[in-house]
Number of protein chains: 2
Amino acid sequence: MNAIVQEQPTLADILREALDQGDAERLSDLMSAHAAQDIALALAELPRQHWHALFERLDHERSAEVYAHLPTEQQTLLLENLDHDEATRLIGELSYDDAAAVLEELEDEHAEAILGALPESDQQVLTSLLAYPEESAGRIMTPEFATVQPEWTVEEALDHLREHSEIAETVNTIFAVSPEGQLLGWVRLKELLLSRPRALVESTLHTDIVSVEAHEDQEEAARRISHYDLDVLPVVDERGVILGIITVDDVLDIIRDETTEDFHRMAAVADLPLSMREASMRLLYRKRIGWLVILVAVNILSGTAIAFFEASIEAVVALVFFLPMVIATGGNAGAQASTLMVRALATGDIQTRDWFKLGVKEVLVAAALGLAMAGSIWLAGNWLGNFEVANAIAIAMFLVVVFGSLFGMTLPFVLTRLRLDPATASAPLITSVVDVIGIIIYFAVATAILQLN
Amino acid sequence: MNAIVQEQPTLADILREALDQGDAERLSDLMSAHAAQDIALALAELPRQHWHALFERLDHERSAEVYAHLPTEQQTLLLENLDHDEATRLIGELSYDDAAAVLEELEDEHAEAILGALPESDQQVLTSLLAYPEESAGRIMTPEFATVQPEWTVEEALDHLREHSEIAETVNTIFAVSPEGQLLGWVRLKELLLSRPRALVESTLHTDIVSVEAHEDQEEAARRISHYDLDVLPVVDERGVILGIITVDDVLDIIRDETTEDFHRMAAVADLPLSMREASMRLLYRKRIGWLVILVAVNILSGTAIAFFEASIEAVVALVFFLPMVIATGGNAGAQASTLMVRALATGDIQTRDWFKLGVKEVLVAAALGLAMAGSIWLAGNWLGNFEVANAIAIAMFLVVVFGSLFGMTLPFVLTRLRLDPATASAPLITSVVDVIGIIIYFAVATAILQLN
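Residues numbered from 1 in each chain as written. Chains lettered and ligands numbered in written order. Predicted model: local features only at pLDDT ≥ 70, side-chain atom pairs only at ≥ 80, totals over all residues. Heavy atoms only, no water.

K.L.:
Any details on the relation of the copies chain B and chain A? Residues and values, ideally.
P.N.:
Of the transformation superimposing chain B on chain A, the axial component is 0.1 Å and the angular component is 180°, with the fit at an RMSD of 0.2 Å. One copy is carried onto the other by what is essentially a two-fold rotation axis. If distances are taken from each C-alpha of chain B to the rotation axis, the shortest is found for B:N172, at 2.9 Å. When the interface residues of chain B are mapped onto chain A, 100% of them are again interface residues, pointing to one common binding face. (Least-squares fit on C-alpha atoms with pLDDT ≥ 70 in both. Contact = heavy atoms within 4.5 Å.)

What follows is the structure, encoded as structure tokens:
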């Protein structure tokens, strides 16, 4: 009895239908009834020939809104399929930070052609944004913001904002600057509104400034916005002159992407810049084969270790039966420990200087885990083997769990010290290394206790 | 040659010194020079007896600010150490959403005692917030917000906001409601400022409302804020009446916590509500032992499988040498595939209905990975064993990698269908299952090709 599940048609299905029927009125209704983010999401599911048709239906401003929310890969593809004038117009409609992000993905020649066709002032702004290093705060800031001066009255400040708020991406928080542009403080728009019109901006100014230098990493900008609960973070040069702002919604994207990178590293997948939906098979292959090859080299050592102790295996076959339990448990405990550390380091919950304190805690927790697991396997060993085998595998279990946990816990700190990403301490890497050392510990203990040599 | 690294004293160190010396002036300077978030962070590092001393130095408003940023565990501990009046005063100073979050962590009796001592109006608001289910949108919303009505003039609306903005957590986005409180639209404060004073609010109103129902999950609220790039999300009842708002900074915390939960699940650690720094050893033990025991039960099958094929091992010892490489590679490919899916499902990049399309892609990628790995091990097999052994282990490698990848890729979808968290498809779980099946495939292929029976 199979129930037929009738799924709701998605926005993509509805759009495709309207496009196939050439129903212009329905299309334009759909375009205005849905958020730009949702149209972009639906577009990403449609075959490529539909994109162009759909973009022609959208007015200029709306198409820029939808375009800004498309995944990077599709932004590039779509732009390559538009003619030069249409492409230039589209880029011109985008906000500066979005335009810079699109241009950096294009072939140099194509990007320069588009840049050259934009108005002089846009060219200057975009060129200066693109001059900052990739993934720096300067690269993702928007240079569209309004400032006030502390010696202005509240009334003057509000008039100034009324004139300039069209170009400012956000005016919820307003920055006060010196005539040279140096950042002096900030004030909330609602505080200005509440103040007497004749009061000076100075009197409501907050001077506890949190800012980021344009060359600092975008992750640092994200960390500050998140830590200080900011809605906007000013970006400054080395003299403290404000150059642009980064808003909290940019940061949500950065945090999501950085976290995805950590997840992938933790599973021994190299950086995968695209979404799973978009990633080509070739790319997926390339990002996965590297670690598989590196890890198989470690596994060769496991094979060698087992071959080395072959005599022990032949003498006591029960040893092979318990081997997977002991080394897998060590690897699992190690994967637990490394993940706990990697994530706590990433969120700032712990710092590298906490290593020793956490190490002591881990030894004790690992010892408790090791004892519990050793106890269970000792019972199984007595049941399926004999008293001496049980002792050997229980001692091995305890040692392997403690070693695995300490190794898993330590590796992220070592990687951080070496200025590598702690997330490289992936479960597969920990498991493979613990396998090798675990096999050696296991047979060394067994050989000693069972006097096999 | 050891260089002595002189570390910068942290804010915690400086605070501790000032407290030990009883330097009141220095303390009060430090309190005003640093952000509440940083003082809270430093406080968390100081021994418990210092907390009280430090809190006495802070004025009422400032101590509530610092308190709001302490980790949950320490909020509870500190409150338990304050006398009843001080505790009530502190809770009274907090914003409603923060106060509700603290009260729900306390013992019922203690929470009721504090609640009972608060002004009637605060009691009502807090009781209604606490009536929503845990982790629902209603529980984390703040009921402090200002609304306007569409038929008001811009001038009337601004006057109203001036009067009410002290109690409103954010007035960057203002919601327009009917006289019954039904949500009708939204307008940015800067748009009101730009409009002619005599114009009606209606004329600048946006009617594409994104809201969340109070009983929906807080994760859904986070997803909408993030997807639609909102700075504030209205929370409504089933009739569309606005009950409160959720701001983007609340969402940053939710996203961080949900992601941490996923990271821990992916490493076979049960939900760990506290930070690593705060988690007791007892708690860490409890959250880790469960999966270790479950997985060892799976590993018993691996041992059984190896024991079953013991005759093959004794006949061709080279088979044991290559076994770890083959099954570990299968497990690693599986861990890669499951993590890619779990993360893409969590970010909304893919949906469960994409399973088939992604499955076809995964089979092809896995086949390519399997061929590459089989090729390398075939060469090694010829070198270290013989032509027939090489064929057997190469075929086994190919099959195990394809099986591992498909299993790793499918499990997160199956778990989602069963309404379980896809992140339960952890690397240790995938590895353990692929070990068992991998061993069976390996020896089955070897037995057939090498005609061992």
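K.L.:
Could you give an account of empty space enclosed by the protein, with specific residues and numbers?
P.N.:
Throughout the structure, instances matching the rule amount to eight cavities of 30 Å³ or more. Of the pockets and cavities examined, the largest cavity occupies roughly 360 Å³. Taken together, 28 residues line the largest cavity, and the ones lying closest to its centre are A:I327, A:D435, B:P324, B:I327 and B:D435. Counting only elements with at least two residues in the lining of the largest cavity, the list comes to α16 (281–308), α18 (318–347) and α21 (427–449) of chain A together with α16 (281–308), α18 (318–347) and α21 (427–449) of chain B. Tallied by class, the residues present in the lining of the largest cavity amount to 18 nonpolar, eight polar and two charged. Of the voids in this model, the second largest cavity is the one considered here, and its volume is about 140 Å³. (1 Å grid on protein atoms, 1.4 Å probe; cavity = no way out; pocket = protein on both sides within 12 Å on 5 of 7 lines; lining within 4 Å. Points joined across faces, edges and corners; volume = space filled by probe spheres on them. Helix = DSSP H or I, 4+ residues; strand = E, 2+ residues; numbered from the N terminus. Nonpolar A, V, L, I, M, F, W, Y, C, P; charged D, E, K, R; others polar.)

K.L.:
Any details on the packing of helix α3 (residues 36–45) of chain B against helix α5 (residues 60–68) of chain B? Residues and values, ideally.
P.N.:
All names here are of chain B. At a minimum axis distance of 8 Å, the contact between α3 and α5 shows a crossing angle of 65°. Comparing the axis directions of α3 and α5 gives the class roughly perpendicular. Regarding α3 and α5, the two cross each other, and that crossing is right-handed. Contacts from A36, I39, A40 and L43 of α3 reach α5 at R62, E65 and V66. (Axes fitted to C-alpha atoms, helices over the stretch in contact; angles between N-to-C directions. Parallel < 35°, antiparallel > 145°, perpendicular 65-115°, else oblique. Left-handed = near helix turned anticlockwise from the far one by under 90°.)

K.L.:
If you had to explain unusual backbone geometry to someone new, which residues and values would you point to?
P.N.:
All names here are of chain A. A positive phi angle, near 65°, is found at E135, a position not held by glycine. Within the element layout of this structure, E135 appears in the loop between α10 (120–130) and α11 (137–140). Residue class for E135 comes out partly exposed when judged on its relative accessible area of 43%. Here the phi dihedral of A268 falls at roughly 60°; this positive angle occurs in a residue that is not glycine. Within the secondary structure, A268 sits in the loop between α15 (248–266) and α16. (Buried < 20%, exposed > 50% of the residue type's maximum accessible area, 1.4 Å probe, protein only.)

K.L.:
Account for the sheet that holds strand β2 (residues 173–177) of chain A, with residues named and values stated.
P.N.:
Taken in spatial order, the three strands of this open sheet run β1-β2-β3 (chain A), and their pairing is mixed. A single partner strand is all that each edge strand has here, and the edge strands are β1 (147–148) and β3 (183–188) of chain A. (Pairing = 2+ DSSP bridges.)

K.L.:
Now, about a nonpolar patch on the surface: what can you tell me, with residues and values included?
P.N.:
On the surface, A:M281, B:W355, B:F356, B:V360 and B:L364 cluster together into a nonpolar patch covering about 480 Å² of accessible area. The biggest single contributor to the nonpolar patch is helix α19 (residues 355–384) of chain B, with four residues. Looking at where B:V360 falls in the secondary structure, it is placed in helix α19. B:V360 gets classed as partly exposed once you look at its relative accessible area, which sits at 40%. (Patch = residues over 30% accessible without salt bridge, like charges linked within 9 Å, V, L, I, M, F, W, Y side chains within 5 Å. Areas by Shrake-Rupley, 256 points an atom, 1.4 Å probe, with all protein chains shown as cover. Salt bridge = Lys/Arg side-chain N within 4 Å of Asp/Glu carboxyl O.)

K.L.:
Describe the interface of chain B and chain A, and please don't skip the residues or the numbers.
P.N.:
At the junction of the two partners, chain B supplies 101 residues and chain A supplies 102 residues. A buried area of about 9100 Å², summed over both sides, lies between chain B and chain A, and 67% of it is on carbon and sulfur atoms. Where chain B touches chain A, the interface holds two salt bridges. Remark: the boundary between chain B and chain A carries 22 residue pairs in polar contact (both at pLDDT 80 or more). For the side of chain B that touches chain A, the class distribution of residues is 54 nonpolar, 24 polar and 23 charged. (Buried area = accessible area lost by both parts, 1.4 Å probe. Polar contact = N/O pair within 3.5 Å; in protein donor to acceptor, adjacent residues only side chain to side chain.)

K.L.:
Tell me what's going on with the packing of aromatic side chains, and back it up with residues and numbers.
P.N.:
Residues and elements named next belong to chain A. This model, assessed by the stated rule, comprises 15 aromatic pairs over all chains. For the ring pair Y442 and F443, a centre distance of 5.3 Å and an interplane angle of 90° mean the geometry is edge-to-face. F443 shares its class with Y442; the two are buried. (Phe/Tyr/Trp six-rings, centres within 6.5 Å; stacked < 30°, edge-to-face > 60°.)

K.L.:
Provide a residue-level description of the domain arrangement of chain A, including the pertinent values.
P.N.:
Often, the extent of an interface is quoted as the loss of accessible area upon association of its parts. All names here are of chain A. As assigned here, chain A comprises domain 1 (11–134), domain 2 (147–255) and domain 3 (281–449). The C-alpha-based centres of domain 1 and domain 2 are spaced at 30 Å. Counting residues at the interface gives four residues for domain 1 and five residues for domain 2. Both faces considered, domain 1 and domain 2 share a buried interface measuring about 310 Å² in area, 54% of it formed by carbon and sulfur atoms. Taken together, the connections running from domain 1 to domain 2 amount to zero salt bridges. Run the count over domain 1 and domain 2 and you get zero residue pairs in polar contact (both at pLDDT 80 or more). Residue composition of the side of domain 1 that touches domain 2, grouped by class: two nonpolar, one polar and one charged. (Domains from an automatic or database assignment.)

K.L.:
Explain the pairing of strand β5 (residues 232–236) of chain B residue by residue, including any values.
P.N.:
Residue and element names in this part refer to chain B. Where burial is concerned, most of β5 is hidden: five out of the five residues are buried. Of the two faces of β5, the one lined by V232, P234 and V236 and the one lined by L233 and V235 are each fully buried. Bridge analysis of strand β4 (residues 212–213) against β5 gives two bridges, and the strand direction is parallel. Paired with V212 across the two strands is V235, which belongs to β5. Hairpin connection between β5 and strand β6 (residues 242–247): a loop of five residues separates the two successive antiparallel strands, and G240 in this loop has a positive phi of roughly 90°.

K.L.:
How would you explain the sheet that holds strand β3 (residues 183–188) of chain B if you had to name every residue and give the values?
P.N.:
What links the strands of a sheet is backbone hydrogen bonding, and the strands pair in either a parallel or an antiparallel sense. Residues and elements named next belong to chain B. Pairing in this open sheet of three strands is mixed, and the strands run β1-β2-β3 from one edge to the other. A single partner strand is all that each edge strand has here, and the edge strands are β1 (147–148) and β3. Pairing of strand β2 (residues 173–177) with β3, which is carried by five bridges, proceeds in the antiparallel orientation. Paired with A176 across the two strands is G185, which belongs to β3.

K.L.:
So, the layout of surface pockets: which residues are in play, and what are the values?
P.N.:
Its volume calculated, the second largest pocket comes out at about 560 Å³. If you go around the second largest pocket, you meet 24 residues; those closest to its centre are A:A44, A:E45, A:Q74, A:R277 and B:K357. Mapped by element, the contributors of at least two residues to the lining of the second largest pocket are α1 (11–20), α3 (36–45), α4 (48–57) and α6 (72–81) of chain A together with α19 of chain B. Along the lines of polarity and charge, the residues of the lining of the second largest pocket split into nine nonpolar, three polar and twelve charged.

K.L.:
Give me the lowdown on the environment of A:M325, citing residues and values where you can.
P.N.:
Tracing the chain through its elements places A:M325 in helix α18. Each C-alpha atom of the pair A:M325 and A:I377 lies 8.6 Å from the other, and the pair is 52 residues apart in sequence. Those residues in contact with A:M325 that sit more than four places away from it in its chain are A:I377, A:M397, B:V296, B:N299 and B:I300.

K.L.:
How would you sum up a negative patch on the surface? Please name residues and give values.
P.N.:
A cluster of acidic residues, A:E73, A:E105, A:E134, A:E135, A:D217 and A:E219, forms a negative patch at the surface. Topologically, A:E105 is positioned in the loop between α8 (96–103) and α9 (108–117). (Lys, Arg positive; Asp, Glu negative; His and termini not counted. Charge placed at Lys NZ, Arg CZ, Asp CG, Glu CD.)

K.L.:
Mind laying out the side chain of B:S302, listing which residues take part and the relevant values?
P.N.:
Among the structural elements, B:S302 can be located in helix α16. Taking the relative accessible area as the measure of exposure, B:S302 reaches 1% and is therefore buried. For B:S302, the residues in contact, after removing those within four places along its chain, are A:P324, B:S432, B:D435, B:V436 and B:I439.

K.L.:
Could you give me a rundown of the pattern of salt bridges, with the residues and numbers involved?
P.N.:
Residue and element names in this part refer to chain A. A full pass over the atoms with the stated rule returns 28 salt bridges over all chains. Here R139 and E104 are joined by a salt bridge, their closest N and O atoms 2.1 Å apart. Placement of the pair is R139 in helix α11 and E104 in the loop between α8 and α9, with a sequence separation of 35 residues.

K.L.:
Which residues make up helix α7 (residues 84–93) of chain B, and what values go with them?
P.N.:
Residues and elements named next belong to chain B. For α7, the complete set of buried residues consists of A87, T88, L90 and I91. Down the axis of α7, the sector holding all buried residues measures 160°, keeping them to one side. Close packing links the buried residues of α7 with α4 (48–57), α5, α6 (72–81), α8 (96–105) and α9 (108–117). Regarding α7, its N-cap is D83, as a side-chain oxygen of that residue lies 3.2 Å from the backbone nitrogen of D85 further along. (Arc of directions from axis to C-beta.)

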